[in-house]
Amino acid sequence: MNEELETLVAEGRIAEALARVRLTGEGPREALEALERVRLALRMRDAEGARAAAAAGREAVARLVDAEELDRALADLAEERFEAWLEHPVVGAEAWVQKGLLDVAEGRLEAARDAFAEAARRDRQHWRAWTNLGHAELELGNLEAAEAAYAEAEKANENYPEVYQGQAALEKRRGRIDRMVRLLKKAQRMRLRPREEQLPGTVLPPRRPRLGSLFSWRNRWWIWIALILLAYWWTRR
């Protein structure tokens, strides 16, 4: 692995390193893909999935990072013990998210904001980091900063319900009630989707209409058909 890729991995820029390897066709593609699967599971708050991904790609992962150390880091994060892993190139972003959540719970909003910002810097695709950053900025009254963070979260994962929940809260703060309601409805629809349909890039299947909705007052076409049939029956008597 060349020096440039080593630097990217050391800085936690795994996705960028993987993109370059895919583009050039040269480099530890299998190892980088394994690390990205670990990070995807962490973004989803799937501790078991992260450990399973690390175990499945252990031989490849060992080419880039200390596999045993990664195992310890994932075990600690599963128990929300993040302190030792804030600088880790693979799990550092998730460690900063956990720190930020603790800061929120203990009322340190500015510290939480900074922690979420650091998490997002370390992993640009970490949609939970961006979403929580938006929440923190909103609570601090920084509406434009909150809007920018939510936009980055939506860019990272357009299927994450909490993004739209946060945007709805922002629109409420701005007095845009109609838009707030639309965003809340969107968030609710996404929460009803299975977990696997809340991943980035997932194309949602078309919703099948429920029988009850078919005969709702919104679908008034059936009333006209019924009236026409009734009129036809009456004239044929």
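Small disclaimer: the values here were computed from a predicted structure and weren't measured.

J.: I'm lost on helix α9 (residues 127-139) in this one. Help?
T.: An α-helical turn contains 3.6 residues, so any two residues separated by three or four positions project in the same direction. Between its first and last C-alpha, α9 extends 18 Å over 13 residues, near the 18 Å set by a 1.5 Å rise per residue. Counting buried positions along α9 yields 11 of 13 residues, so the element is predominantly enclosed. Each element contacted by the buried residues of α9 is listed here: α3 (29-43), α7 (92-105), α8 (109-122), α10 (143-156) and α11 (161-174).

J.: I'm lost on the packing of α8 against α9 in this one. Help?
T.: Each pair of packed helices can be described by the angle between their axes along with the distance between the axes. Where α8 meets α9, the closest approach of the two axes is 8 Å, and the angle between their N-to-C directions is 155°. With respect to α9, the element α8 is oriented roughly antiparallel. Between α8 and α9 the crossing geometry is left-handed. Between α8 and α9, the residues in contact are L109, R113, F116, A117, A119 and A120 and A129, W130, N132, L133, A136, E137 and E139, respectively. Among the residues making up the contact of α8 with α9, the classes are represented as 9 nonpolar, 1 polar and 3 charged.

J.: Before we go on, may I ask you to explain the environment of L140 in this structure?
T.: Summarising the element assignment, L140 is placed in the loop between α9 and α10. C-alpha separation for the pair L140 and R113, spaced 27 residues apart in sequence, amounts to 8.9 Å. Among all residues touching L140, those that are not within four sequence positions of it are L109, E110 and R113.

J.: Help me understand the pattern of salt bridges in this model?
T.: Think of it this way: side chains of opposite charge can pair up when their charged atoms draw near. What the rule picks out here adds up to 28 salt bridges. Between E118 and R122 there is a salt bridge whose closest N-O contact spans 2.9 Å. On the criterion of helical spacing, the pair formed by E118 and R122 is a turn pair, its members being 4 residues apart in helix α8. Here the two residues E118 and R122 agree in accessibility, since each one is buried. Connected via shared salt-bridge partners are E4, E11, R13, E16 and R20.

J.: What should I look at first to understand the nonpolar core in this one?
T.: If you look at soluble globular proteins, the nonpolar side chains tend to sit buried side by side. One finds L32, L35, V38, L70, L74 and V91 to be the most contacted residues of the largest nonpolar core, which totals 54 residues. Here this core takes 7 residues from α3, the largest share from any one element. Discounting chain neighbours no more than four positions away, the residues touching L35 are I14, V61, L64, V65, L70 and V90.

Thresholds, definitions, all that
Residues numbered from 1 in each chain as written. Predicted model: local features only at pLDDT ≥ 70, side-chain atom pairs only at ≥ 80, totals over all residues. Heavy atoms only, no water. Helix = DSSP H or I, 4+ residues; strand = E, 2+ residues; numbered from the N terminus. Expected span 1.5 Å × (residues − 1). Buried < 20%, exposed > 50% of the residue type's maximum accessible area, 1.4 Å probe, protein only. Contact = heavy atoms within 4.5 Å. Axes fitted to C-alpha atoms, helices over the stretch in contact; angles between N-to-C directions. Parallel < 35°, antiparallel > 145°, perpendicular 65-115°, else oblique. Left-handed = near helix turned anticlockwise from the far one by under 90°. Nonpolar A, V, L, I, M, F, W, Y, C, P; charged D, E, K, R; others polar. Salt bridge = Lys/Arg side-chain N within 4 Å of Asp/Glu carboxyl O. Core = buried A, V, L, I, M, F, W, Y, C linked by side-chain atoms within 4.5 Å.

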